[in-house]
Amino acid sequence: MSLKKQFIKTKPVVKVTFSVEAKDASTAAVVGDFNNWNPEEGTLSKLKNGTFKATYDLVKDAIYEFKYLIDGVYVNEPEADSYKWNDFAGSENSVLAV
């Protein structure tokens, strides 16, 4: 799993690439504050090597909570900037600061 942030000097956005290795998985998505926790808006594409990946433009100078949804199971990003407890989910969410 990994996160890659590309800051755009001319725009108030950051291109964030989410990737997660899940060779045996059928589906993967990234869900969080930035897409209303909607898996359809956070679909990741499966590459030939078994990694799921996608890049999204996120508003700069913001903090987002998110998780990966892999075949219906929520998974945190080990390389997240931090983690935050969420009472609704009853677990920690990954935190991304851009």
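Just above sits the structure.
The shown structure was predicted, so the numbers you read here are calculated from the model rather than taken from an experiment.

Cut-offs applied
- Per chain, residues are indexed from 1 in the order of the written sequence.
- Totals for whole chains, interfaces and linings use every residue, but because this is a predicted model, local features are given only for residues with pLDDT of at least 70 and side-chain atom pairs only at 80 or more, for both listing and counting.
- Hydrogen atoms and water are omitted, and side-chain values are computed over all heavy atoms in the structure.
- In this description a helix means any DSSP run of H or I spanning at least four residues, a strand means any run of E spanning at least two, and both kinds are numbered starting from the N terminus.
- Any two residues having at least one pair of non-hydrogen atoms within 4.5 Å are treated as being in contact.
- The Shrake-Rupley method, run with a 1.4 Å probe sphere, supplies the accessible areas, and residue values consider only the shown protein chains as cover.
- Under the counting rule used here, the positive set is Lys and Arg, the negative set is Asp and Glu, and His together with the chain ends is not counted.
- Charged groups are reduced to one reference atom each: NZ for lysine, CZ for arginine, CG for aspartic acid, CD for glutamic acid.
- When a carboxyl oxygen of Asp or Glu is within 4 Å of a side-chain nitrogen of Lys or Arg, the pair counts as a salt bridge.
- Partly exposed residues are those whose accessible area sits between 20% and 50% of the maximum for their type, while under 20% is buried and over 50% is exposed, using a 1.4 Å probe and protein chains only.
- Under the pairing criterion, centres of Phe, Tyr and Trp rings, with the six-membered ring standing for Trp, must be within 6.5 Å; the plane angle then separates stacked pairs below 30 degrees from edge-to-face pairs above 60, leaving the rest tilted.
- Strand pairing is assigned whenever DSSP detects at least two bridges linking the two strands.

(A) Examining the overall build of the protein chain more closely. Helix and strand counts for the protein chain stand at zero helices and nine strands. Reading the secondary structure of the protein chain in the N-to-C direction produces β-β-β-β-β-β-β-β-β. A principal-axis box enclosing the C-alpha atoms of the protein chain has dimensions of 40 × 35 × 25 Å. Across the protein chain, the fraction of contacts at a sequence separation of at least 24, relative to all contacts at a separation of at least 6, is 60%. Only carbon and sulfur atoms are counted for the fraction: they give 51% of the accessible area of the protein chain, which is about 6000 Å². Put simply, the protein chain has 12 plus and 14 minus side-chain charges, and the middle of one group is 10 Å from the middle of the other.

(B) Highlighting the pattern of salt bridges. The tally for this structure, following the rule as stated, stands at three salt bridges. Here Asp81 and Lys5 are joined by a salt bridge, their closest N and O atoms 2.8 Å apart. Here Asp81 is found in the loop between strand S7 (73-75) and strand S8 (82-86), whereas its partner Lys5 is found in strand S1 (residues 2-7), with 76 residues between them in sequence. Residue Asp81 is classed as partly exposed on the basis of its relative accessible area of 40%. For Asp57, the salt bridge identified is with Lys15, shortest N-O distance 3.1 Å. With Asp57 in strand S5 (residues 51-59) and Lys15 in strand S2 (residues 13-21), this residue pair connects regions lying 42 residues apart in the sequence. When its relative accessible area of 32% is taken as the criterion, Lys15 is described as partly exposed.

(C) How the structure looks around the environment of Pro78. Within the fold, Pro78 resides in the loop between S7 and S8. For Pro78, the contacting residues outside a window of four places in its chain are Met1 and Tyr83.

(D) Geometry of the packing of aromatic side chains. The tally for this structure, following the rule as stated, stands at six aromatic pairs. A ring pair is formed by Phe18 and Phe66, whose centres lie 5.4 Å apart and whose planes are at 65°; its orientation type is edge-to-face. Taken together, the residues Phe18 in strand S2 and Phe66 in strand S6 (residues 63-70) connect sequence positions 48 residues apart. Both residues of the pair, Phe18 and Phe66, count as buried. Between Phe66 and Tyr68, the ring centres sit 6.0 Å apart and the planes meet at 85°, which makes this aromatic pair edge-to-face. Under the relative-accessibility criterion, Phe66 is labelled buried at 0%. What makes Tyr68 buried here is its relative accessible area of 0%.

(E) Main features of the sheet that holds S5. Taken in spatial order, the four strands make up an open sheet running S1-S2-S5-S4, and their pairing is antiparallel. Two strands in the sheet have a free side with no partner beyond their single neighbour: S1 and strand S4 (45-46). Summarising the sheet, S2 and S5 pair through nine bridges and their orientation is antiparallel. Along S5, the bridge assignment pairs Val16 with Tyr56.

This is a description of form; function is not addressed.
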